[in-house]
Amino acid sequence: DAGITQSPRYKITETGRQVTLMCHQTWSHSYMFWYRQDLGHGLRLIYYSAAADITDKGEVPDGYVVSRSKTENFPLTLESATRSQTSVYFCASSDGTQGRYNSPLHFGNGTRLTVT
Amino acid sequence: TQLLKQSPQFLSIQEGENLTVYCNSSSVFSSLQWYRQEPGEGPVLLVTVVTGGEVKKLKRLTFQFGDARKDSSLHITAAQPGDTGLYLCAGAGGGAQKLVFGQGTRLTINP
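(A) View of the state of the cysteines. A complete count under the given rule lists two disulfides over all chains for this structure. At a sulfur-sulfur separation of 1.9 Å, the disulfide partner of Cys23(A) is Cys91(A). Handedness of the Cys23(A)-Cys91(A) disulfide follows from its S-S torsion of about -75°: it is left-handed. Highlighted residues: Cys23(A) in strand β3 (residues 19-25) and Cys91(A) in strand β9 (residues 87-94), separated in sequence by 68 residues. We note that Cys23(A), like Cys91(A), is buried. The disulfide partner of Cys23(B) is Cys89(B), and the S-S distance across this bridge is 2.0 Å. Across the S-S bond linking Cys23(B) and Cys89(B), the dihedral sits near 80°, which makes this disulfide right-handed. Placement of the pair is Cys23(B) in strand β3 (residues 19-24) and Cys89(B) in strand β9 (residues 85-92), with a sequence separation of 66 residues. Of the two residues examined, Cys23(B) and Cys89(B), each falls in the buried class.

(B) Structural detail: the side chain of Ser31(B). Relative to the assigned elements, Ser31(B) resides in strand β4 (residues 31-37). Among the polar contacts listed, one links the side chain of Ser31(B) to the side chain of Asn102(A), at a separation of 2.4 Å. Contact partners of Ser31(B), with chain neighbours within four places excluded, come to Asn102(A), Thr48(B), Val49(B), Val50(B), Phe65(B), Ala90(B), Gly91(B) and Ala92(B).

(C) Structural context of the environment of Gln64(B). Tracing the chain through its elements places Gln64(B) in strand β7 (residues 61-65). Counting along the chain gives 27 residues from Gln64(B) to Gly91(B), while the straight-line C-alpha distance between them is 13 Å.

(D) Highlighting the sheet that holds strand β7 (residues 64-66) of chain A. Residue and element names in this part refer to chain A. Ordered by their spatial adjacency, four strands build an open sheet running β1-β3-β8-β7, and the pairing between neighbours is antiparallel. Both outer strands of the open sheet, β1 (4-7) and β7, are each paired with one neighbouring strand and no more. Averaged over all pairs of adjacent strands, the angle between their axes in this sheet comes to 20°, without regard to strand direction. Taken together, the three bridges between β3 and strand β8 (residues 76-78) define a ladder with antiparallel strand orientation. Considered in β8, the bridge of Leu21 is made with Leu76.

Criteria and cut-off values
- Residues numbered from 1 in each chain as written.
- Chains lettered and ligands numbered in written order.
- Predicted model: local features only at pLDDT ≥ 70, side-chain atom pairs only at ≥ 80, totals over all residues.
- Heavy atoms only, no water.
- Disulfide = S-S within 2.5 Å.
- Helix = DSSP H or I, 4+ residues; strand = E, 2+ residues; numbered from the N terminus.
- Buried < 20%, exposed > 50% of the residue type's maximum accessible area, 1.4 Å probe, protein only.
- Polar contact = N/O pair within 3.5 Å; in protein donor to acceptor, adjacent residues only side chain to side chain.
- Contact = heavy atoms within 4.5 Å.
- Pairing = 2+ DSSP bridges.
- Axes fitted to C-alpha atoms, helices over the stretch in contact; angles between N-to-C directions.

Set out below in structure tokens:
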């Protein structure tokens, strides 16, 4: 089915470990985004990508790495997980036809990450 | 830093009542989006408003963009339990090179 899928849905990891969250979309949307959602902070942009091999920092990029070798995939890696990175992570995509920031976002169902 | 403030943060009302959720900023936005998020799922777009003063209706939901494009409201008429969820507004443009999200309004409609 077409859509945007994230994996895993739940992940528990230890402080200092590297963990990668996966995101795959079937729409061939140009733009892809990673957000984290925390109580009291709403959704905050971590990284985004305008196309394959083009990525840029968002509001809270420290401690995260992204890559986009293929249009449909946009993995997010926590290089050395910290407890402050415990959060729910959402991947989103958009076609950008109404502009980078005006086009509606299509979200995955999130990955709940706990760092112990 | 651009901020979008939503009010109230929490709202619990009885089925059949009307309610309004507000999304305010001191910045001007080129457009404003409203999303609804249910537990365990990602936000889903409800509507985008673009023109100052614009009103859009989605069944019992009415969305309005302020004349100055700094604020927006969501009004629900005769709320139903199926309206329960987290409502998020998000503003685009206005100098911030990103989509800015409000903290959300958690709405509970009791049967």
